[in-house]
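The primary structure of each chain is shown beneath.
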Amino acid sequence: MEDEYFLGKRVVRVDGRVAYEGRQVLSDHSGTYEFDLGGAPAFLRISTPDMIRYRYELLAGDGVAPSDASSGAPDSRDLVQRYPTLLSSLGAIPMIAITIAVLALAGEGRLWKDPVLLVTGLDTQARVTSVQTPRGAHLLHYQFVTDSGAYAGAIYATDSEFALVQASGLVGIRYSRVWPAINGRRAGTGDLVFDLALLALFGFVAYTYAAAMVGGIQQAAVVRRLRDHGIETSARIAGVRTYRSAYMIVTGWALDYEYATIDGTHRGRSGILGKSALVTWPIGTNVRIRYDPERPDESVFVG
């Protein structure tokens, strides 16, 4: 067996022939993982006895179960699915608000202001009205006039820039031709690259939280609707997905399943389950699901 930790590639060979080849997530370590081996369930148990070396155990065959699975009757709590609820989905709103606040306020708005001024800005000379030196920095307050009126702003200046300001009383700025109240320093190329990189990073974080919130709300609505009005049919367990917390601790597993309708073959995924579910419904097991005949791709796991 080959298991590339950082690349996530996993290959299982039997008598020199490839029996399974797949790509797992980077966090597949120190746990029990089920996968489809020739249409039958197989388990890979990874452990680190001395926190340095990795130990691999491969279990395959009829009636096989991982050595660390619960013995006897399965824990009924492990067989109860956990789906996102409306309340848990709305819990992402504070993180979205914090991310947006960082984008809007960090560096007095420079993360969004510099790119806006790059696209819509015009250069001009502003008259410096006062200078402050908080913590040794040079904060220049200025005023400038456009066709639409007089506007004011403030920027920080380096020692060399401040020397020029002292000589002329003027500072070069950039303002938006659409809304001159948006104005600021003339950002260099390096500053713009840095701002755009941070803007993309925080924007991606906000998008991730927003997508998770919308997806959770939609999934909660679909689960509720299909449990009440879905058509029951059989499906086959085709795979297992491991879920981890932000601290890489396993929080549960979800079962991937396949089912057929008059529209073709479809795939679905259960809610998050406990470890006993891996033994109760191993790969290849026939289970019950409910689906929407008008939207056959939407389904909910029954068990």
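Structural data are supplied above this passage.
Criteria and thresholds
Residues numbered from 1 in each chain as written. Predicted model: local features only at pLDDT ≥ 70, side-chain atom pairs only at ≥ 80, totals over all residues. Heavy atoms only, no water. Helix = DSSP H or I, 4+ residues; strand = E, 2+ residues; numbered from the N terminus. Buried < 20%, exposed > 50% of the residue type's maximum accessible area, 1.4 Å probe, protein only. Contact = heavy atoms within 4.5 Å. Areas by Shrake-Rupley, 256 points an atom, 1.4 Å probe, with all protein chains shown as cover. Core = buried A, V, L, I, M, F, W, Y, C linked by side-chain atoms within 4.5 Å. Salt bridge = Lys/Arg side-chain N within 4 Å of Asp/Glu carboxyl O. 1 Å grid on protein atoms, 1.4 Å probe; cavity = no way out; pocket = protein on both sides within 12 Å on 5 of 7 lines; lining within 4 Å. Points joined across faces, edges and corners; volume = space filled by probe spheres on them. Nonpolar A, V, L, I, M, F, W, Y, C, P; charged D, E, K, R; others polar.

1. What about the overall build of the chain?
Here comes step 1: Check the secondary structure of the chain and you find six helices and 16 strands.
Here comes step 2: Going through the 303 residues of the chain one by one, you find that 36% of them count as buried.
Here comes step 3: Contacts in the chain between residues at least 24 apart in sequence constitute 52% of all its contacts with a sequence separation of at least 6.
Here comes step 4: When the accessible surface of the chain is split by element, carbon and sulfur atoms take 58% of a total near 17700 Å².

2. A word on the nonpolar core
It is characteristic of soluble globular proteins that their nonpolar side chains tend to be buried jointly.
Here comes step 1: Residues Ile237, Leu255, Tyr257, Trp281, Val287, Ile289 and Phe301 are the most contacted members of the largest nonpolar core, which totals 22 residues.
Here comes step 2: Elements supplying a minimum of two residues to this core: helix H5 (189–229), strand E12 (231–244), strand E13 (250–261), helix H6 (276–280), strand E15 (286–292) and strand E16 (295–301).
Here comes step 3: No other element matches E13, which puts four residues into this core.
Here comes step 4: Residues contacting Ile237, with those up to four places away along its chain left out, are Leu255, Asp256, Tyr257, Trp281, Pro282, Ile283, Gly284, Thr285, Val287 and Phe301.
Here comes step 5: Counting twelve residues, the second largest nonpolar core, distinct from the first, contains Val128, Tyr142, Ile155 and Ala157.

3. Description of the pattern of salt bridges
Here comes step 1: Tallied over the full model, the rule gives ten salt bridges.
Here comes step 2: We note a salt bridge from Arg290 to Glu232, for which the minimum N-O separation is 3.7 Å. In this pair, Arg290 is assigned in strand E15 and Glu232 in strand E12, connecting sequence segments 58 residues apart.
Here comes step 3: Classification of Arg290 as partly exposed rests on a relative accessible area of 25%.
Here comes step 4: Judged by its relative accessible area of 38%, Glu232 falls in the partly exposed class.
Here comes step 5: Each of Arg225, Asp292, Arg295 and Glu298 takes part in one network of salt bridges that share partners.

4. Section: the layout of surface pockets
Here comes step 1: In this structure, the largest pocket spans a volume of roughly 570 Å³.
Here comes step 2: Ile155, Tyr156, Ala157, Arg185 and Arg186 are the residues nearest the centre of the largest pocket, which is lined by 21 residues in total.
Here comes step 3: Within the residue set of the lining of the largest pocket, elements represented by two or more residues are helix H3 (110–120), strand E9 (149–157), helix H4 (159–168), strand E10 (170–176) and strand E11 (183–185).
Here comes step 4: Looking at the lining of the largest pocket, its residues break down into eight nonpolar, six polar and seven charged.

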